[in-house]
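Overview (structure and organization)
Chain by chain, the residues:
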Number of protein chains: 2
Amino acid sequence: MPKIVDHDQRRVELVDATWRIIAERGLDGATMRDIAAEAGFANGALKPYFPTKDRLLDFAFEHIFDQTNRRMRASTEGLSGLAALRAYCHEILPLDEEKVSEARVAIAFWQKALRDPAKAAVHERSMEQWRVALAELLEETGLRQGVGLGDAVGAIMDLVLGAQITATLSPTHHTPRQLVAQLDCLVSALVEGASA
Amino acid sequence: MPKIVDHDQRRVELVDATWRIIAERGLDGATMRDIAAEAGFANGALKPYFPTKDRLLDFAFEHIFDQTNRRMRASTEGLSGLAALRAYCHEILPLDEEKVSEARVAIAFWQKALRDPAKAAVHERSMEQWRVALAELLEETGLRQGVGLGDAVGAIMDLVLGAQITATLSPTHHTPRQLVAQLDCLVSALVEGASA
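Residues numbered from 1 in each chain as written. Chains lettered and ligands numbered in written order. Predicted model: local features only at pLDDT ≥ 70, side-chain atom pairs only at ≥ 80, totals over all residues. Heavy atoms only, no water.

Summing up its helical and strand segments, chain A has eight helices and zero strands in all. Taken from N to C terminus, the helices and strands of chain A fall in the order α-α-α-α-α-α-α-α. Across its three principal directions, the C-alpha atoms of chain A cover 65 × 40 × 30 Å. A burial count over chain A gives 57% of its 196 residues as buried. (Helix = DSSP H or I, 4+ residues; strand = E, 2+ residues; numbered from the N terminus. Buried < 20%, exposed > 50% of the residue type's maximum accessible area, 1.4 Å probe, protein only.)

Here it is in structure tokens:
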């Protein structure tokens, strides 16, 4: 019987094995051959799944987005209100090495998305998913009087995206305590009953 | 008499003429010849001043940083307290086409800085200059009880850097009104007497 290969599953395995290499070395700094070798695959193993490095970056971005969303579901389970809002945002903030690596992939993706409408559309769809979730969380916690829901969501998005830059490029300003405190400064302004 | 050329001055002129082309086309999307041609210079005009595209990006980043600082000095002149703080931040927020172009250069620079310690050092020195200024402005306005100065500065930096991503990649969420309102959400949390 011919061996049946689940190509989607294989692609996920390959991305899972290579995204940290992309995060560490960047797409400019590594050939597909380098990336395959460093992940322990034969030369040519990636090509059938990712014809170009650019496609590999697309899948790497979707992979880190999906794994962030899985973490969000796990860490907000059973929580509500302010605790759920904070837990959700903490999965975007680069609070550990894994999430700092995700930030490095995101920055590489942003730079390409500036001139690639397909990537920009994937990014915007992903960010919209987070905005919708944040709006629901904020509606549940209740906003302070005078704060608009759209502005509150936008401010949180700006802050958590900017933290990707701070965490990767300003190492002395990105301890988990600092990033969480920075978020709390904002949340206290938005949410009734939260204090800085 | 031999023609005397001020090389530093000439370099500034060349960067000033080319940084928007870099913002628009990116470094990947244009050769030095393309950039020179589009700026109306002879092929080879850039080379003596910027031996590589990578060096041109360094100078472009420093150029947009300097011009942002010049705008900050102009727009905060005669202001104090909250008005000065807001005016300062508004020069970083991508509130017009010029500043959106600056954001595009910054994103390209961030991506390179992830793997280039010299660029990361330039970035960190630049951001530290803004942090010091923000701390002075916040000390002048007075912080709400319980808000730490370092956290307040960090939160503003995250938000204004994240706005560079929002403004370039999430076009429906970056009207000047939206970006200013997002900043005001945060400022109201930090500063005594400011309300959202």
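The two chain copies are connected by a rotation around an axis plus a translation along it. Least-squares fitting of chain A to chain B yields an RMSD of 0.0 Å, with the transformation described by 0.0 Å of translation along the axis and a rotation of 180 degrees. Here the transformation between the copies is reduced to the relation of a two-fold axis. A symmetric contact is evident, with 100% of the interface residues of chain A recurring at the interface of chain B. (Least-squares fit on C-alpha atoms with pLDDT ≥ 70 in both. Contact = heavy atoms within 4.5 Å.)

Time to look at the packing of aromatic side chains. All names here are of chain A. This structure, assessed with the given rule, holds eight aromatic pairs over all chains. Taking 5.2 Å as the distance between ring centres and 35 degrees as the angle between the ring planes, the aromatic pair formed by Phe65 and Trp130 counts as tilted. Of this pair, Phe65 sits in helix H3 (residues 53–76) while Trp130 sits in helix H6 (residues 117–141); the two residues are 65 residues apart in sequence, bridging distant segments of the chain. For the pair formed by Phe65 and Trp130, the shared burial category is buried. Of the aromatic side chains, those joined through ring pairs into one cluster are Phe61, Phe65, Phe109 and Trp130. (Phe/Tyr/Trp six-rings, centres within 6.5 Å; stacked < 30°, edge-to-face > 60°.)

Packed helix pairs are characterised by how far apart their axes lie and by the angle those axes make with each other. All names here are of chain A. Closest axis-to-axis distance for the helix H1 (residues 7–25)/H3 pair is 9 Å, and the angle between their directions is 95 degrees. The pairing of H1 with H3 is recorded here as roughly perpendicular in orientation. Here H1 contributes Arg11, Val12, Val15, Asp16, Thr18, Trp19 and Ile22 to the contact with H3, which in turn contributes Leu56, Phe59, Ala60, His63, Ile64 and Gln67. Here the residues of the contact of H1 with H3 sort into eight nonpolar, three polar and two charged. (Axes fitted to C-alpha atoms, helices over the stretch in contact; angles between N-to-C directions. Parallel < 35°, antiparallel > 145°, perpendicular 65-115°, else oblique. Nonpolar A, V, L, I, M, F, W, Y, C, P; charged D, E, K, R; others polar.)

Turning next to the pattern of salt bridges. Counted by the stated rule, this structure contains 36 salt bridges over all chains. Here Glu128(A) ties to Arg131(A) by a salt bridge, and the two come within 2.6 Å at their closest N and O atoms. With Glu128(A) and Arg131(A) both in helix H6, this residue pair falls three residues apart, about one helical turn. When its relative accessible area of 8% is taken as the criterion, Arg131(A) is described as buried. Between Lys99(B) and Asp96(B) there is a salt bridge, with the nearest N and O atoms lying 4.0 Å from each other. (Salt bridge = Lys/Arg side-chain N within 4 Å of Asp/Glu carboxyl O.)

Model confidence for chain A is summarised by a mean pLDDT of 92, while 96% of its residues fall at 70 or above. With a pTM of 0.93, the predicted complex shows an ipTM of 0.92. (pLDDT = per-residue confidence, 0-100.)

Attention now moves to the interface of chain A and chain B. Listed as interface residues are 49 residues of chain A and, on the opposing side, 49 residues of chain B. The junction of chain A with chain B conceals about 3800 Å² of combined surface from both sides, 60% of it contributed by carbon and sulfur atoms. Counting the surface chain A buries against chain B, the share from its top three residues, Leu114(A), Asp158(A) and Leu169(A), is 18%. Inspection of the region where chain A meets chain B yields four salt bridges. Close ionic contact of Lys112(B) with Asp28(A) constitutes a salt bridge, the shortest N to O distance being 3.1 Å. Counting the contacts that link chain A with chain B gives 18 residue pairs in polar contact (both at pLDDT 80 or more). Elements supplying a minimum of two residues to the side of chain A that touches chain B: H1, helix H5 (97–113), H6, helix H7 (149–169) and helix H8 (176–190) of chain A. A breakdown of the residues in the side of chain A that touches chain B according to their chemical character gives 23 nonpolar, 14 polar and 12 charged. (Buried area = accessible area lost by both parts, 1.4 Å probe. Polar contact = N/O pair within 3.5 Å; in protein donor to acceptor, adjacent residues only side chain to side chain.)

Along the polypeptide, Arg55(A) turns up in helix H3. Separated by 10 residues in the primary sequence, Arg55(A) and Phe65(A) have C-alpha atoms spaced 15 Å apart.

Leu46(A), Leu85(A), Trp110(A), Ile156(A), Leu85(B), Trp110(B) and Ile156(B) are the most contacted members of the largest nonpolar core, which totals 134 residues. For Leu85(A), the residues in contact, after removing those within four places along its chain, are Leu134(A), Leu137(A), Leu138(A), Ile156(A), Val187(A) and Val191(A). (Core = buried A, V, L, I, M, F, W, Y, C linked by side-chain atoms within 4.5 Å.)

In an α-helix, one turn spans 3.6 residues; hence positions three or four apart end up facing the same way. Residues and elements named next belong to chain A. The terminal C-alpha atoms of H1 lie 26 Å apart, and with 19 residues this matches the ideal 27 Å at 1.5 Å per residue to within 8%. Residue Thr18 marks the point of greatest curvature in H1, where the axis turns by about 35 degrees. When we look at burial in H1, the residues that qualify are Leu14, Val15, Thr18, Trp19, Ile21, Ile22 and Ala23. Those residues of H1 that are buried lie in contact with helix H2 (32–38), H3 and H5. In the stretch just after H1, Gly26 is the one whose phi turns positive, near 75 degrees. (Expected span 1.5 Å × (residues − 1). Bend = angle between axes of the 7 residues up to and from the residue.)

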